[in-house]
Amino acid sequence: MLTLSITAISLLTGIFYQTVSEALDRRRHPPQGELVDIGGFRLHLNCIGQGTPTVVMDAGGAAPSITWGLVPSEIAKFTRVCTYDRAGLGWSDPNLRISRTSQQSVDELHSLLTKAGINPPYILVGHSLGGVNMRLYASQYPEDVVGLLLVDSSHENQMTSEMWRRIKMQSWLYQVLRVASQVGVLRLIGEMNLLPILEDIKRQIQKYPLKVQTLFDTYKSFCYRPDYWATASSELANIKKSFEELQSVTSLGSLPLIVLSQGSKDSKMSDERFQKWASLQLDLTKLSSNSQRIIAENSGHLVQLDQPELVISAVQRLIESV
């Protein structure tokens, strides 16, 4: 009976700690843009700069919009640029009633741009999983899109049986982290600098400009939320369906397309996998008869942080081609 009472008190204390801390996080790290209601939940949209076409950017899997680093503020010097957080990520409300597939993200982004009055034409920019989403968007709203930039984008044929197994394990881990975050355990471990996922990121960003490093505390506050891990798990669990949704997107006609790919192999990536990735990146150029490929020689997967100037110049090229 005593053990049960202690457990109950500990859980209630953890939940209280988590609830109060979340409220403090939201005060410390207010949204960069506006929260737009698209029908029962709100998505975070941050539009800066002036000009046309409008550049719309979608970040990678489980990644909030701040992972674009300094790129949006530089693009804003020559046109309007909008970053947003997919549901459940960054400052956006979760929408876990529906599986987090690429099609769902496309539907929600279209509703967001419509509700916010962000009129076409658009140049779409997608990193990693965001590239999958933007390919799908460009294929479904061709009259609105005048250019597409894929930044080390995922490809529907990239998966191996080993990678599928790893994704299942990772999705399960995310669910464990979701439960741990609900009772404040994840936050407690993180604040003690004992959470490997966050400590790895903290080390990696030391090589980036100070303005990028200062975003870490905001990113960390997102990671302490249960909705973040539930969303990340759903995106992973539905990645196969998202790739299947791309099967019909075999051509984007003559849409101006730039495929910007990593040129520096990650130490954890085998030579074989790196070569396959390079081959799949080249394959993406076949989506349009008006495409070009740029290799970021000094970048790993996070091209927008390793060589942001390449993303910025690629957007400029697309604008010039309109």
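Residues numbered from 1 in each chain as written. Predicted model: local features only at pLDDT ≥ 70, side-chain atom pairs only at ≥ 80, totals over all residues. Heavy atoms only, no water.

Asks: Even after reading the chapter, I still don't get the side chain of Q281, so can you show me in this structure?
Replies: For Q281, the location among the structural elements is in helix α12 (residues 271–284). Owing to a relative accessible area of 1%, Q281 belongs among the buried residues under this scheme. (Helix = DSSP H or I, 4+ residues; strand = E, 2+ residues; numbered from the N terminus. Buried < 20%, exposed > 50% of the residue type's maximum accessible area, 1.4 Å probe, protein only.)

Asks: Whenever I open this one, the nonpolar core confuses me. Can you help?
Replies: The tendency in soluble globular proteins is for nonpolar side chains to be buried as a group. Within the largest apolar cluster, 63 residues are counted, with the highest numbers of intra-cluster contacts made by L109, L112, L124, Y137 and L148. Looking at which element gives the most residues to this core, the answer is helix α4 (residues 129–140), with six residues. Non-local contacts of Y137, meaning those with residues more than four positions away in its chain, are made with V106, L109, H110, L113, Y122, L124 and V145. If you look at the next biggest cluster of nonpolar residues, it comprises 24 residues, including M57, A59, L310 and V315. (Core = buried A, V, L, I, M, F, W, Y, C linked by side-chain atoms within 4.5 Å. Contact = heavy atoms within 4.5 Å.)

Asks: Before we go on, may I ask you to explain the sheet that holds strand β4 (residues 81–84) in this structure?
Replies: By definition, the strands of a sheet pair up through backbone hydrogen bonds, in either a parallel or an antiparallel sense. Across the sheet, eight strands lie side by side as β1-β2-β4-β3-β5-β6-β7-β8; this open sheet has mixed pairing. Strand pairing shows two members of the sheet lacking a second neighbour, β1 (34–37) and β8 (291–296), which therefore form its edges. Averaged over all neighbouring strand pairs, the angle between strand axes comes to 25 degrees, with direction disregarded. The pairing of strand β3 (residues 54–58) with strand β5 (residues 122–127) spans five bridges and is parallel. Bridged to V55 within β5 is I123. Taken strand by strand, α12 contacts β6 (145–151), β7 (257–262) and β8, and its axis lies near 170 degrees from that of β7. This element, helix α14 (residues 308–321), spans β3, β5, β6, β7 and β8 of the sheet and lies at about 160 degrees to β6. (Pairing = 2+ DSSP bridges. Axes fitted to C-alpha atoms, helices over the stretch in contact; angles between N-to-C directions.)

Asks: How should the state of the cysteines be read in this particular structure?
Replies: Should the sulfur atoms of two cysteines be covalently bonded, the bond is a disulfide. One pass over the full model with this rule turns up one disulfide. Two residues share a disulfide in this structure: C47 and C82, whose sulfurs sit 2.1 Å from each other. Across the disulfide from C47 to C82, rotation about the S-S bond amounts to roughly 110 degrees, and the bridge is consequently right-handed. Residue C47 is found in strand β2 (residues 42–48), and its partner C82 is found in strand β4; the two are separated by 35 residues along the sequence. The exposure class of C47 is partly exposed, given its relative accessible area of 28%. (Disulfide = S-S within 2.5 Å.)

Asks: For this particular structure, what's the right way to read the pattern of salt bridges?
Replies: Two side chains of opposite charge can pair, provided their charged atoms sit close to one another. Scanning the model with the defined rule gives 17 salt bridges in all. Between D25 and R28 there is a salt bridge, and its shortest N-O distance comes to 3.2 Å. Of this pair, D25 and R28 both sit in helix α1 (residues 2–28), three residues apart, which is roughly one turn of that helix. Salt bridges linked by common partners bring D25, R28 and R187 together as one network. (Salt bridge = Lys/Arg side-chain N within 4 Å of Asp/Glu carboxyl O.)

Asks: What exactly am I supposed to notice about helix α10 (residues 226–237) here?
Replies: In an α-helix there are 3.6 residues to a turn, and that puts residues three or four apart on one side. The end-to-end C-alpha distance of α10 is 16 Å, a good match for the 16 Å that 12 residues give at a rise of 1.5 Å each. Within α10, 10 of the 12 residues are buried, leaving the element largely enclosed by the surrounding structure. (Expected span 1.5 Å × (residues − 1).)

Asks: When you look at unusual backbone geometry in this model, what are you seeing that I'm missing?
Replies: Only a minority of non-glycine residues have a phi that is not negative, and only a minority of peptide bonds are not trans. The omega angle of the peptide bond from T52 to P53 is 0 degrees, so this bond is cis rather than trans. Among the secondary structure elements, P53 is positioned in the loop between β2 and β3. Cis geometry marks the peptide bond from P120 to P121; its omega dihedral reads 10 degrees. Checked against the element boundaries, P121 lands in the loop between α3 (102–115) and β5. Phi at D152 is positive, roughly 45 degrees, even though this residue is not glycine. Residue position: D152 is located in the loop between β6 and α5 (161–182). What makes D152 buried here is its relative accessible area of 0%.

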